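Examination of the molecular architecture
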Amino acid sequence: MTQKLFTPNFILLILGQLTSLFGNFILKLALSMYVLDITGSAAVFAGILSLAVIPTILLSPFGGILADRADRRNIMVVLDTLTGISVLGTALLLSGKNDLALISILLIILSILGAFETPTVQACIPTMLQGDNIIRGNAVVNQIASLSYLTAPMLGGVFYTMFGLQPVMYASVGCFIVTAAFECFIRLDYQRPARKEKILTIVRQDFTESMRYIIKEQTSIVKMLLLTAISRFFVMGILLVGLPFLIRTVLMLNAGYYGAAESTLAIATIVGSILAGLLGTRLQSHSPSVLLTLLGIFMLPAGIAFLLPVSPLIRYGIILVSFCGMQIVISIFSIAAVSLIQQRTPNHLIGKVMAYTSTITLCVQPMGQMVYGFLFDRFHNTVYLVLLPTAVIIGAIGLSATKFLPAPESDFYAQ
């Protein structure tokens with residue numbers, strides 16, 4: 001009998017993700033606008049955010065261990081409740097004198113809590129779903145995140161303009177409490193460990209076991225993590241740094257064009273998630289290499305646009321189509337990669353392995369942003385020298401990846 005995708009547990013999980021992500025997005029936007037208002041520097045908030053990522057990077061492996069050792073439902077309930085309490089406490093303490101310090105502390109606390117929540121949520125999906133539904137489930141979660149990203153910043157900006165920072169923070173507190181309430185009704189199988197061990201012993205044993213599994217027993221996971229890191233390095237550098245630079249600095253178009261591009265990319269992410277869900281098991285072992293090759297192909301027009309004698313608006317249109325294609329492909333790639341890793345990892349290791357995925361992504365993404373920030377500054381007047389070689393490199397990596405990924409007939413996605 002085929003398992004339903006929208007089981008009661010999964011419905012509660014996605015409802016919780018919807019409210020949680022919405023609360024996070026409106027909170028981060030309001031905080032960024034407030035810091036900009038009181039300091040006049042967007043770089044200050046960017047610096048605070050960069051520092052706040054460090055706890056997530058350092059603590060994610062421990063979050064994975066907790067996700068595999070404790071009741072995942074209880075972990076999510078506690079973490080979302082603590083998030084709501086932290087935001088509420090900060091909102092009540094804001095006075096205008098120590099606001100920057102309080103916001104910095106809040107972001108660090110949220111980073112610490114996120115290090116434990118992300119691997120736990122990702123570990124819940126293969127527990128709730130099976131087979132092809134794991135891919136579709138990840139696609140639905142990705143669509144929820146994209147919808148929240150599409151709507152929350154706009155609403156958060158309106159609420160902040162009308163009511164100020166504290167009311168927006170109170171609204172986000174409500175979102176986190178509602179999330180915790182949804183999660184209270186999730187029912188997951190959990191067996192309490194028969195014996196109690198010292199924390200350091202648990203950490204050492206779990207880390208050793210999980211690393212042995214992915215390095216020696218399931219090397220395909222390491223290969224997929226490597227491809228994920230490569231894609232994040234190149235694509236996030238191009239999308240997050242290149243898009244605003246190309247539109248605002250190179251083409252000298254106003255902020256409205258950039259806002260339209262961001263909204264269009266959010267829609268492209270949703271389209272990619274829907275396509276990933278529709279493809280399901282047709283995303284086989286060779287799919288990541290094919291998707292990386294497509295990624296390079298979609299990037300080519302963006303570079304070629306700056307070699308053509310056309311107007312800035314036409315270049316803008318070419319870039320937008322090119323980047324939307326890239327966004328669709330990277331969405332499918334991310335869902336396929338995460339689903340593949342989840343399906344190839346046993347339940348007692350899934351939290352730790354997903355934590356490694358999050359850690360690698362968090363480490364590689366800022367590296368890509370720094371490298372491409374330097375490259376776009378260096379080749380300001382010849383940006384095609386950045387875009388075209390990157391497209392060729394990504395395409396070449398995709399083609400070569402077919403040699404070390406398992407063959408399609410090996411049923412890589414099988415349970």
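Model, not experiment: these values are computed from the prediction. (Residues numbered from 1 in each chain as written. Predicted model: local features only at pLDDT ≥ 70, side-chain atom pairs only at ≥ 80, totals over all residues. Heavy atoms only, no water.)

As enumerated under the stated definition, the model contains 9 aromatic pairs in all. Ring geometry for Phe6 and Phe10: centres 6.0 Å apart, planes at 45 degrees, overall tilted. Judged by its relative accessible area of 42%, Phe6 is partly exposed. With relative accessibility at 0%, the residue Phe10 sits in the buried group. Consider the rings of Phe207 and Tyr356, whose centres lie 6.4 Å apart with planes at 85 degrees: the pair is edge-to-face. Here Tyr356 lies in helix H12 (residues 350-378) and Phe207 lies in helix H7 (residues 199-217), a separation of 149 residues in the sequence. The lysine or arginine in question, Arg378, covers the ring of Phe379, its NZ or CZ lying 5.1 Å from the ring centre. (Phe/Tyr/Trp six-rings, centres within 6.5 Å; stacked < 30°, edge-to-face > 60°. Buried < 20%, exposed > 50% of the residue type's maximum accessible area, 1.4 Å probe, protein only. Helix = DSSP H or I, 4+ residues; strand = E, 2+ residues; numbered from the N terminus. Lys NZ or Arg CZ within 6 Å of the ring centre and 35° of its normal.)

One can describe the packing of helix H8 (residues 219-250) onto helix H13 (residues 384-401) by two numbers: an axis separation of 12 Å at closest approach and a directional angle of 160 degrees. By the criterion of interaxial angle, the relationship of H8 to H13 is roughly antiparallel. Regarding H8 and H13, the two cross each other, and that crossing is left-handed. Taking contact as the criterion, the partners of Leu227, Ile230, Phe234, Ile238 and Leu246 in H8 are, on H13, Leu387, Thr390, Ile393, Ile394, Ile397 and Ala401. (Axes fitted to C-alpha atoms, helices over the stretch in contact; angles between N-to-C directions. Parallel < 35°, antiparallel > 145°, perpendicular 65-115°, else oblique. Left-handed = near helix turned anticlockwise from the far one by under 90°. Contact = heavy atoms within 4.5 Å.)

Another point: the layout of surface pockets. It is a probe the size of a water molecule, rolled over the atoms, that shows where empty space is left. One number sums up the size of the second largest pocket: a volume of about 380 Å³. Along the wall of the second largest pocket there are 19 residues; nearest its centre are Asp68, Arg69, Gln191, Asn347 and His348. Every element with two or more residues in the lining of the second largest pocket is listed here: helix H2 (42-69) and H7. Among the elements that line the lining of the second largest pocket, the one with the most residues is H2, at 3 residues. (1 Å grid on protein atoms, 1.4 Å probe; cavity = no way out; pocket = protein on both sides within 12 Å on 5 of 7 lines; lining within 4 Å. Points joined across faces, edges and corners; volume = space filled by probe spheres on them.)

With that out of the way, let us pick up the pattern of salt bridges. Evaluated as defined, the whole model comprises 4 salt bridges. A salt bridge links Lys352 to Asp68, with the nearest nitrogen and oxygen atoms 2.8 Å apart. Pair noted here: Lys352 is in helix H12 and Asp68 is in helix H2, with a separation of 284 residues, a long-range link. Asp68 matches Lys352 in its accessibility class, with the two residues each being buried. (Salt bridge = Lys/Arg side-chain N within 4 Å of Asp/Glu carboxyl O.)

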